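Remarks on the overall topology
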Amino acid sequence: MSVRDEFDAWAADGRDKGMEERHWHTAKHVLARMPVEDGDAVLDLGTGSGYALRALAENTGMTRGYGLDGAPEMAHNAREYTREADPAADLGFVIGDFGSLPFDDDSLDHAFSMEAFYYSADPVETLREIRRVLKPGGTFYCAVNYYEENVASHEWQDNIAVDMTRWDAAEYRAAFREAGLYVAEQDNVADREIEIPDADEFPTENWETREAMVERYRYLGTLLTVGVAP
Ligand code: SAH
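As a starting point, this report considers the structure included with it. Note that the coordinates shown come from a computational prediction; the quantities given were computed from them, not determined experimentally.

Each value, and the rule that gives it
Residues numbered from 1 in each chain as written. Predicted model: local features only at pLDDT ≥ 70, side-chain atom pairs only at ≥ 80, totals over all residues. Heavy atoms only, no water. Helix = DSSP H or I, 4+ residues; strand = E, 2+ residues; numbered from the N terminus. Near = heavy atom within 4 Å. Polar contact = N/O pair within 3.5 Å; in protein donor to acceptor, adjacent residues only side chain to side chain. Areas by Shrake-Rupley, 256 points an atom, 1.4 Å probe, with all protein chains shown as cover. Nonpolar A, V, L, I, M, F, W, Y, C, P; charged D, E, K, R; others polar. Buried < 20%, exposed > 50% of the residue type's maximum accessible area, 1.4 Å probe, protein only. Pairing = 2+ DSSP bridges. Right-handed = clockwise from strand over helix to strand, strands pointing away. Salt bridge = Lys/Arg side-chain N within 4 Å of Asp/Glu carboxyl O. Axes fitted to C-alpha atoms, helices over the stretch in contact; angles between N-to-C directions. Contact = heavy atoms within 4.5 Å. Phe/Tyr/Trp six-rings, centres within 6.5 Å; stacked < 30°, edge-to-face > 60°.

Here we come to unusual backbone geometry. The amide bond that connects Phe-202 to the next residue, Pro-203, takes the cis arrangement and shows omega of 0 degrees. Here Asp-86, not a glycine, exhibits a phi torsion of approximately 50 degrees, which is positive. Residue position: Asp-86 is located in the loop between helix H4 (72-85) and strand S3 (90-95). Here the phi dihedral of Asp-106 falls at roughly 50 degrees; this positive angle occurs in a residue that is not glycine.

Structure below.
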């Protein structure tokens, strides 16, 4: 199935907002670390509902944001939510693929991506594209919940018709470097908000033990890799 077919269906049944709610637990901490300055232009790869750009527009002096997504229904919903929010920055939603970014060389200050990068058909090529469109010193904040060390995430691929790349933290660093980005930082951003039931409520529908759930959310959380364009 194509990215478009898979994720148009997600947008149509409200999973864009469902993801926003869950991803916000850690995405907000990642966004808060981004060195966005007044006048900056920011790219959000696989924007979904577009919440990341709206949050940056509310909390920084950025002036332009581009939310790129391969699913037209996602971009459509993101535009609607953004119209309602009426942000101070100029936010646009673009339909496109991670394989070929529709931006000029050295044209963007920073890029962000939450739970989307690993859907790329060729992730190293996507990193090269990100490097190309970033200005020297521009950063890419790449956040994923699906990765090798997060064993609980491995089964997600069974329910998604788009092939997902499952790297470990070292493979993320190596791929960033292969694509010509410096690795400035890598971190696990804990989800401190998801409710973890008391021990006597385990096993639950999704978790055998409380320890496994604590490890998944409070310790592993979201894997963040930060790349800097030379
Ligand atoms: N960042 C949002 C959405 C995550 S879902 C959030 O945190 O909730 C992943 C998104 O990436 C989907 O909207 C999907 O359509 C988009 N996507 C996946 N593969 C893509 C590709 N190859 N090119 C462009 N967009 C893609």
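Right, picking up where we left off after that structure.
Now for the site of the ligand. In the vicinity of the ligand there are 20 residues, among which His-23, Gly-46, Tyr-51, Asp-69 and Gly-70 approach most closely. The separation between a nitrogen atom of the ligand and a polar main-chain atom of Gly-46 is 2.8 Å. Contacts to the ligand include Phe-98, whose backbone N or O atom sits 3.1 Å from a nitrogen atom. Coverage of the ligand by the protein amounts to 99% of the 580 Å² it exposes when considered alone. For the shell around the ligand, the secondary structure elements donating two or more residues are helix H1 (3-12) and helix H2 (15-33). No other element matches H2, which puts 3 residues into the shell around the ligand. Of the residues contributing to the shell around the ligand, the split by class is 10 nonpolar, 6 polar and 4 charged.

Regular strands place their side chains on alternate faces of the sheet. Most of strand S5 (residues 134-144) is tucked away, with 8 of its 11 residues classed as buried. Strand direction decides the pairing type here: strand S4 (residues 108-114) and S5, joined by 6 bridges, are parallel. Looking at the pairing, Leu-108 lines up with Leu-134 of S5. With helix H5 (residues 123-133) bridging S4 and the parallel S5, this β-α-β connection has right-handed handedness. In terms of strand pairing, S5 meets strand S7 (residues 222-228) through 6 bridges, oriented antiparallel. Considered in S7, the bridge of Thr-139 is made with Val-228.

It is worth spelling out the pattern of salt bridges at this point. Applying the stated rule across the entire model yields 13 salt bridges. One salt bridge in this structure joins Arg-33 and Asp-187, with 3.0 Å as the shortest N-O distance. Of this pair, Arg-33 sits in helix H2 while Asp-187 sits in strand S6 (residues 182-189), and the two are 154 residues apart along the sequence. The partly exposed category is assigned to Arg-33, whose relative accessible area is 33%. A salt bridge links Arg-128 to Glu-178, with the nearest nitrogen and oxygen atoms 3.9 Å apart. Taken together, the positions of Arg-128 in helix H5 and Glu-178 in helix H6 (residues 169-178) put the pair 50 residues apart, joining distant regions of the chain. Given a relative accessible area of 53%, Glu-178 falls into the exposed group.

This brings us to the sheet that holds S5. Strands sit in the order S3-S2-S1-S4-S5-S7-S6 across an open sheet of 7 strands; the sheet is mixed. Both edges of this open sheet fall to S3 and S6, since each of them pairs with a single strand only. Each adjacent strand pair in this sheet contributes to an overall mean axis angle of 15 degrees, direction not counted. Against the sheet, H5 engages strand S1 (41-45), S4 and S5, with an angle of about 140 degrees to S5.

Right, let's talk about the packing of aromatic side chains for a bit. The relation between two aromatic rings is expressed through the spacing of the ring centres and the mutual angle of the planes. Counting across every chain of the model gives 13 aromatic pairs. Relative to Trp-10, the ring of Phe-7 lies with its centre 4.8 Å away and its plane at 55 degrees, an arrangement referred to as tilted. A residue pair is termed a helical-turn pair when its members lie 3 or 4 positions apart in one helix, as Phe-7 and Trp-10 do in helix H1 at 3 residues. A ring pair is formed by Tyr-118 and Tyr-119, whose centres lie 4.8 Å apart and whose planes are at 55 degrees; its orientation type is tilted. Comparing Tyr-118 with Tyr-119 shows no difference in burial state: the two are buried. In this structure an aromatic cluster arises from ring pairing among Phe-7, Trp-10, Tyr-118, Tyr-119, Tyr-146 and Trp-156.

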